[in-house]
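Chains, contacts and geometry: an overview
As a plain string of letters, each chain reads:
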Amino acid sequence: MTALRTMKLNLLLTWMSIGAVVLTGVLLLTSLYFYQKANIEHTILENNNAYARKLAETADRVIGISQQELAYSASKIHSFSDYQTMVDEADRLRLQSGFFNSVIVVNDHGIILATSPESLNLRGIGLQSEANANALKTRKPYISQPFFTGTTNRYVIFVSSPVFDHAGNYLGYIGGSIYLKEKSILNQIISTHFYNYSANVSIVSNDGHIIFNKDPNKVGSQIGIDDQLKKMLSQNVSGAYVVNHGEATQLLGVGNLTKTDWNVFVYADDTLVNDIMLSTIRQSVWFIILILVFTSLLSYALSTLIARPLRRLAILSASKPTAHVVEEIRQIDAWYYEANKLKVSISAGMVSTIKQVKNLDREASTDPLTGLLNRRGFMTLASISGKHSENALISLDLDHFKRVNDTWGHDTGDKVLVMVSSILKTICRETDLVGRFGGEEFVIMLPGTSTENAEKIADRIRCSIEQEKQPQLPSVTISAGIAALEDADNIDEAIKMTDIALYEAKDKGRNRVVLYRSVCPLPQTSGVHTASSSHA
Ligand SMILES: Nc1nc2c(ncn2[C@@H]2O[C@H](COP(=O)(O)OP(=O)(O)OP(=O)(O)O)[C@@H](O)[C@H]2O)c(=O)[nH]1
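The rules behind these values
Residues numbered from 1 in each chain as written. Predicted model: local features only at pLDDT ≥ 70, side-chain atom pairs only at ≥ 80, totals over all residues. Heavy atoms only, no water. UniProt positions renumbered as here; feature names shortened; annotations may be inferred. Helix = DSSP H or I, 4+ residues; strand = E, 2+ residues; numbered from the N terminus. Polar contact = N/O pair within 3.5 Å; in protein donor to acceptor, adjacent residues only side chain to side chain. Near = heavy atom within 4 Å. Areas by Shrake-Rupley, 256 points an atom, 1.4 Å probe, with all protein chains shown as cover. Pairing = 2+ DSSP bridges. Axes fitted to C-alpha atoms, helices over the stretch in contact; angles between N-to-C directions. Patch = residues over 30% accessible without salt bridge, like charges linked within 9 Å, V, L, I, M, F, W, Y side chains within 5 Å. Salt bridge = Lys/Arg side-chain N within 4 Å of Asp/Glu carboxyl O. Parallel < 35°, antiparallel > 145°, perpendicular 65-115°, else oblique. Contact = heavy atoms within 4.5 Å. Phe/Tyr/Trp six-rings, centres within 6.5 Å; stacked < 30°, edge-to-face > 60°. Lys NZ or Arg CZ within 6 Å of the ring centre and 35° of its normal. Expected span 1.5 Å × (residues − 1). Buried < 20%, exposed > 50% of the residue type's maximum accessible area, 1.4 Å probe, protein only. Right-handed = clockwise from strand over helix to strand, strands pointing away. 1 Å grid on protein atoms, 1.4 Å probe; cavity = no way out; pocket = protein on both sides within 12 Å on 5 of 7 lines; lining within 4 Å. Points joined across faces, edges and corners; volume = space filled by probe spheres on them. Nonpolar A, V, L, I, M, F, W, Y, C, P; charged D, E, K, R; others polar.

- Going by what an unreviewed UniProt entry lists, the protein is known as diguanylate cyclase and is assigned to Mangrovibacter plantisponsor.
- Per its UniProt entry, the protein bears the Catalytic activity (unreviewed entry) comment "2 GTP = 3',3'-c-di-GMP + 2 diphosphate".
- Of the comments in the UniProt record for the protein, the one headed Pathway (unreviewed entry) reads "Purine metabolism; 3',5'-cyclic di-GMP biosynthesis."

Spelled out as structure tokens, the structure:
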């Protein structure tokens, strides 16, 4: 909390923006994970199903073509006595279409009459397999279930077409074997697929045996299918299924082959969904980081812009109120409502404080009765008064003022003091300092004035006061002492000098002006100065 209290506003706002973006990012990613997972599962199932149907359609077409080719070759053989024709047709079937790994011509007793390749050396051998028996029995185009051959011990399927002579008598069949664990067209179709993720593709019999797979080790193995799926397969229904094997779940698309009891299985583990999710989240995280950096920079810039006037106001409001500070506050660019309001109120508060301080200052430096400077005000202004080569000081004191008070009363005495002050103000210049130092003693500082001229001015004051006639006021006179500021080390000493001259004036009978230099000649001019005084 203390750290927050001392944190600067722009940093606080920046951190708040960063926090908001991070929180939004986390919420976005969480919702993405939970809500998009189901969508992705659904999409994968749909894709698997569509792909399985497409592969099933292609496989069906290839099987159909192969059956047509077998039927065509069968139609070319009208007699089993023509060995060369049988071999030629067997070779053509094997080599031209590439569908079969081996081709045999078999008579109606199951004896092999011709083979391709001839290297099989099976000619004359009698077949005992169930496929052979079925082909002979049905006398129709036939596709066997996968089985192991007794002769070569290969896992194969067998496709056959019956052979008839010109009279339509059944002679036997011509049949091709597809070695399921070796290279064949069907194998190529399911092994080379254009799918954007690593789905497993197999051709599977209705009872769950893998007939084709690009991995020969899987061919012939049993795939786990539950009862519901088994039932669907038996009904030749294509579709999408979620297959649960304990903890593992597979997203399965099934395409049914119409020419056999086989199905194309395209399946993916549900870990794929997690992989896709993680990859999406990883990409999103980079994007969020980018947004975060951008937002932080933007937020820092904006926060700085917002905080700038407030910070200037905070600094300046802590400064001593002066006209300069008020001017600085006035120049702050408070560009939005709250800052502007604050600026106006701080500025107004400061102006009011300055006025109050000025008033207090004036009160503290002014004599309330006469409005002249008091000692404090006089000394302050005298100390900052511009320097001149000559500066004169006059001390004035009313003569026998006690008597005035005693005779006319204190109030009248006050009025006399006000009258004297008024005369002083009239005679003195703007640049002169006129002060009342208490009682009936006044001090005047005359900047840029020689003692000679000061003497003339003091005498003019003296005459004016002496000649002032006001009803209800007694006539009064004053005595004055004059000194040059340059003759003293400082103003206090100069005032003491004027006091000495003033005592001298009182001593000599009052109502007169006396120069300090005439009382105490300066050492360097010692003996040259003569006492000087002016009086009525
Ligand atoms: N009415 C009035 N009288 C004041 C004021 N301040 C001082 N006084 C009086 O001024 C008189 C000064 O008297 P003193 O110091 O004896 O001097 P003085 O009577 O003028 O005699 P000298 O200066 O020697 O001519 C005293 O009676 C004070 O009470 C003031 O503000 N108003």
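**Focus: the side chain of Ser102**
- Along the chain, Ser102 falls in strand S1 (residues 102-107).
- Engagement of the side chain of Ser102 in a polar contact is seen with the side chain of Tyr179, the distance being 3.3 Å.

**Description of the site of the ligand**
- Around the ligand, a shell composed of 16 residues is seen, among which His400, Phe401, Asn405, Asp414 and Arg436 lie nearest.
- A distance of 2.7 Å separates an oxygen atom of the ligand from a polar atom in the backbone of Phe401.
- One of the side-chain nitrogen or oxygen atoms of Arg436 is found 2.7 Å away from an oxygen atom of the ligand.
- Within the complex, 66% of the 660 Å² of free accessible area of the ligand lies under protein.
- Secondary-structure elements contributing two or more residues to the shell around the ligand are strand S12 (391-398), helix H11 (401-408) and helix H12 (410-427).

**Thoughts on the UniProt feature "transmembrane region" (unreviewed entry) in the protein**
- Here, the residues flagged by UniProt with the feature "transmembrane region" (unreviewed entry) are residues 12-35 and 285-307.
- Annotation note: span residues 12-35, helix share 100%, strand share 0%, distance between end C-alpha atoms 34 Å.
- As annotated, residues 285-307 has a helix share of 100% and a strand share of 0%, and its two end C-alpha atoms lie 31 Å apart.

**Things to note about the sheet that holds strand S10 (residues 248-256)**
- One open sheet accounts for five strands, arranged S8-S7-S11-S10-S9; its pairing is antiparallel. Sheet topology places strand S8 (210-213) and strand S9 (239-245) at the edges, where each strand pairs with a single neighbour. Put simply, the sheet's adjacent strands are angled 30° from each other on average, direction ignored.
- As defined by bridge partners, S10 adjoins strand S11 (residues 262-269) across seven bridges and the pair is classed as antiparallel.

**Regarding a nonpolar patch on the surface**
- Taken together, the side chains of Phe294, Leu298, Leu302, Leu305 and Trp335 present a nonpolar region at the surface, about 500 Å² in accessible area.
- In this structure, Phe294 sits in helix H7 (residues 271-317).

**Considering the packing of H11 against H12**
- Two elements in contact, H11 and H12, have axes whose closest approach is 6 Å; the angle formed by their N-to-C orientations is 135°. With respect to each other, H11 and H12 are oriented oblique. For the pair H11 and H12, the contacting residues are Phe401, Val404, Asn405 and Trp408 in the first and His410, Thr412, Gly413, Val416 and Leu417 in the second.

**Focus: the environment of Thr152**
- Of note, Thr152 is situated in the loop between strand S4 (147-148) and strand S5 (155-164).
- For the pair Thr152 and Leu120, spaced 32 residues apart in sequence, the C-alpha to C-alpha distance is 9.1 Å.

**Observations concerning the packing of aromatic side chains**
- Enumeration according to the criterion identifies seven aromatic pairs in this entry.
- Seen from their ring centres, Phe164 and Tyr170 are 5.7 Å apart, and the 65° between their planes marks the pair as edge-to-face.
- For the cation-ring pair, Arg123 lies above Tyr83, with the distance from its terminal atom to the ring centre recorded as 3.8 Å.

**A word on helix H14 (residues 491-507)**
- Here H14 spans 24 Å end to end across 17 residues, near enough to the 24 Å set by a 1.5 Å rise per residue.
- When we look at burial in H14, the residues that qualify are Ile491, Ala494, Ile495, Met497, Thr498, Asp499, Ala501, Leu502, Ala505 and Lys506.
- Among the structural elements, helix H10 (375-384), S12, strand S14 (441-447), strand S15 (478-484), strand S16 (512-515) and helix H15 (516-519) are those in contact with the buried residues of H14.
- Two to three positions downstream of the cap, the backbone nitrogen of Asp492 sits 3.2 Å from a side-chain oxygen, assigning the N-cap of H14 to Asn490.

**Thoughts on the pattern of salt bridges**
- Counted under the stated rule, the structure contains 15 salt bridges.
- For Glu328, the salt bridge is made with Arg312, and the minimal N-O distance between the two is 2.8 Å. Of this pair, Glu328 sits in helix H8 (residues 323-330) while Arg312 sits in helix H7; the two residues are 16 residues apart in sequence, bridging distant segments of the chain.
- Of the residues examined, Glu328 reaches a relative accessible area of 26% and is grouped as partly exposed.
- Residue Asp399 is joined to Lys506 by a salt bridge in which the shortest nitrogen-to-oxygen separation is 3.0 Å. Here Asp399, found in the loop between S12 and H11, pairs with Lys506, found in helix H14; they are 107 residues apart in sequence, far enough to count as distant. Neither residue differs from the other here; Asp399 and Lys506 are each classed as buried.
- In the salt-bridge network here, residues are joined through shared partners; they are Lys54, Glu57 and Arg61.

**Some remarks on the pairing of S16**
- With burial as the criterion, each face of S16 is covered, one bearing Arg512 and Val514 and the other bearing Val513 and Leu515.
- Pairing of S15 with S16 involves three bridges; the strand directions are parallel. Looking at S16, one finds that Gly481 is bridged to Val514.
- Chirality of the crossover, the property in question, places the unit of S15, H14 and S16 among those that are left-handed.

**Digging into empty space enclosed by the protein**
- Under the defined criterion, the tally for this structure stands at one cavity of 30 Å³ or more.
- In this structure, the largest cavity is lined by Ile223, Gly224, Ile225, Leu229, Val243, Gln250, Leu252, Phe265 and Tyr267.
- Grouping the amino acids of the lining of the largest cavity by side-chain chemistry returns seven nonpolar, two polar and no charged.

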